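Geometric and topological summary
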Amino acid sequence: MQENCTSNPSPKERRKAKRASQSRAGTHGIWDNIGYLLRNIARRYPALLCMMVVEIAAGVAAPAFGIYLPKLAADLALGQTALAPAQTALLLGGVAFIMAVVYGARDIAGRGKYMHYNFVRQDLAHEVYYKSLECDFPVVERAEGQAWFARAQMTLLNGDWSCTSRMVVALMTIATSTLSFLLYSGILATLNPLIVVLLLGLSALNSLALRYARRYSLARREEAAVLENRLGYVEEEARDVRAGKDIRLYGMAGWFTALRERLMDDYSQVRRDIAARDFRAALVDALLLLLRDGAAYAYLIYQATQGRIGAGDFVLYAGAIAGFGGFISGIVGQFGLLQDASERMNDVRSFLEQSNAPDPADPLPPPQGMPSIEFRDVCFSYDGEHNVLDHLSFSLVPGERLALVGVNGAGKTTIVKLLCGLYAPDSGTILLGGVDAARLRRADRFALFSPVFQDVALFPFSLAENVSLRPMWETDLARAANCLTRAGLGACTGDGGLARPVSREISDDGWNFSGGEQQKLLLARALYKDAPIMVLDEPTSALDPIAESQTYEQFDLLARGKTALYISHRLASTRFCDRVLLISGGRVQEEGTHESLLRAGGEYAHMFQVQSQYYQKGAEEA
Ligand code: ADP
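A few points on the structure. (Residues numbered from 1 in each chain as written. Predicted model: local features only at pLDDT ≥ 70, side-chain atom pairs only at ≥ 80, totals over all residues. Heavy atoms only, no water.)

What follows deals with the site of the ligand. If you check the shell around the ligand, you find 13 residues, and the closest are Gly409, Gly411, Lys412, Thr413 and Thr414. With respect to the ligand, the side chain of Glu141 contributes an N or O atom lying 3.0 Å from a nitrogen atom. Here an oxygen atom of the ligand sits 3.1 Å away from a polar atom, N or O, in the main chain of Ala410. With the chains in place, 62% of the 560 Å² that the ligand exposes on its own is no longer accessible. The dominant element in the shell around the ligand, judged by the number of residues it contributes, is helix H12 (residues 412-420), at four residues. A breakdown of the residues in the shell around the ligand according to their chemical character gives five nonpolar, five polar and three charged. (Near = heavy atom within 4 Å. Polar contact = N/O pair within 3.5 Å; in protein donor to acceptor, adjacent residues only side chain to side chain. Areas by Shrake-Rupley, 256 points an atom, 1.4 Å probe, with all protein chains shown as cover. Helix = DSSP H or I, 4+ residues; strand = E, 2+ residues; numbered from the N terminus. Nonpolar A, V, L, I, M, F, W, Y, C, P; charged D, E, K, R; others polar.)

As a further point, take the side chain of Glu465. Checked against the element boundaries, Glu465 lands in helix H14 (residues 463-468). Buried and unpaired, Glu465 has Arg470 as its nearest opposite-charge partner, separated by 10.0 Å. Residue contacts for Glu465: discarding those within four places in its chain leaves Arg470, Pro471, Met472 and Thr475. (Buried < 20%, exposed > 50% of the residue type's maximum accessible area, 1.4 Å probe, protein only. Lys, Arg positive; Asp, Glu negative; His and termini not counted. Salt bridge = Lys/Arg side-chain N within 4 Å of Asp/Glu carboxyl O. Contact = heavy atoms within 4.5 Å.)

This paragraph deals with the sheet that holds strand S7 (residues 533-537). Overall, mixed pairing links the six strands, which are arranged S6-S7-S8-S3-S9-S10 in an open sheet. For this open sheet the edge positions go to strand S6 (449-452) and strand S10 (587-592), each flanked by a neighbour on one side alone. Geometrically, the sheet is characterised by an average inter-axis angle of 20° between neighbouring strands, direction not taken into account. Here S6 runs beside S7; their pairing, made up of four bridges, is parallel. (Pairing = 2+ DSSP bridges. Axes fitted to C-alpha atoms, helices over the stretch in contact; angles between N-to-C directions.)

The relative placement of two aromatic rings is captured by the distance of their centres and the angle of their planes. Counted according to the given criterion, the structure contains 13 aromatic pairs. When the centroid spacing of 6.0 Å and the interplanar angle of 85° are considered together, the rings of Phe137 and Tyr423 count as edge-to-face. With Phe137 in helix H5 (residues 137-141) and Tyr423 in the loop between H12 and strand S4 (427-432), this pair connects stretches of sequence that are 286 residues apart. Joined through ring pairs, the aromatic side chains of Phe137, Phe380, Tyr382 and Tyr423 make up one cluster. Positioned above the aromatic ring of Tyr216, the side-chain terminus of Arg277 is 3.8 Å from the ring centre. Its end group placed over the ring of Trp511, Arg500 keeps NZ or CZ at 3.9 Å from the ring centre. (Phe/Tyr/Trp six-rings, centres within 6.5 Å; stacked < 30°, edge-to-face > 60°. Lys NZ or Arg CZ within 6 Å of the ring centre and 35° of its normal.)

See the structure below:
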């Protein structure tokens, strides 16, 4: 009995192994992320680090001068210093001048920092974009991979709310607040160390209340976001032209309105709950603030009335008490934002750190000339559980044109993905020109194929670049024009047509190709690459019958002198192939020429008969 793909190891183990191989890299702790960000800044933008240090130092010094200057003025006014008037003026002027310099330095460093931390963000966004283009294909194809990329990208597109900018700002505020806190604690400790303990204790209590409210609001915000999404969907449907016909003709307006109202009620309830909790936290905050500063000021007034401190000291301590609470809530609040930004930084880092399947350690040279193709006992599943290919074996001799047919979901496109190296088989071997494809370098393997897929991928570049898939300066324009002409788009090559973009979205004078013309462009692309293996995956699915038959003729010419694999669900189109394989249940079910399979009267013949009747009926009705 043939061994089943799932027999060894167990399905559960395979599923786990598959998920592990496709899962995201590990996450990083907050300190690790801070280190990563600072290392990045130090390496690429050392000037930003200097600006951060200057802004922190000035951020500590500026308010300190702000409370010291009134004390100095009061001491001088009340004659509590033995300075002559000229010296007094000089001292006040000197302090005011230093303050101006400090404020100026803070301002300049702040503006420079703003510009540079945007560079850090843009650099990372660029890296994420590049990674999304060169990471292994399974990451791109899986919904989790797409969501992962979207999260990594979104957090960097978010300007001041991007993870990098948020982390820089939060780190700086925490550093400034901590240094100021230590300075003010020192000042207040000279009044009475217990005042510091009292202020600290009540501030900690206050922070706990705010944190409690923040946690609640974060938890409910998830709920609010889900409801927002649903509301967005319902509202979009009202604007959607396609849905608009059904909504009117089936009288669904009332139903949609009721749905929207229900969602709106739920959403408003969540927002009200969050607002109520925030209000209670704000009330606690105000009461504790009153208690904290009230007690400290009362003590200060008591000391002043007892004559233990002068007017200057009174002003200094009062300023220190006012600033103290702000620093603590600054530290606590910004730490929450830092944690949040660090979480988002994890998305970016884990996306960047995912490793592609490595090239083989001892690669073999790629096959020369027209290679043969062989699938030998190949098994494959996307989820480690359901086999799409089940001990599949078939081969093509050099220069052969083979058609793969089968119902939707039979696994034809999966065969192409495995053949080109976008996925690796779970077991079995793929041979290209007799060489185990797993022993080829990724780039060598990709170079063997000129694929034409059913999803037309046009890029926002010029026509010539869309043919060569290389930048203009690396494009052979004469060759691009020749390939376009051979593919039937010769009319587009004159009058600067090669330089016109292939999209109206980025340029008003861009090409606006029809479905058939787009297919021809893909043909020109395959011609330009001129790889020894042609792969055509349902390339005519979007065409009308006339455009389809013209395209077949071109394929016929195109595939000459190459090994070609051709996939179609329209069986009549396989006539120009040397051989046809009917894929079903992940294996080759029937094999032969179009005519021999019809004569055999099996599944292929049955499918052909059904399709012929269908197209004939369509033609008669037309
Ligand atoms: P065909 O090209 O013959 O229509 P496919 O190779 O596209 O079939 O798909 C074969 C099976 O694999 C189908 O059941 C399809 O749903 C499944 N499949 C295809 N791509 C994926 C994917 N990226 N993740 C999970 N399942 C997939």
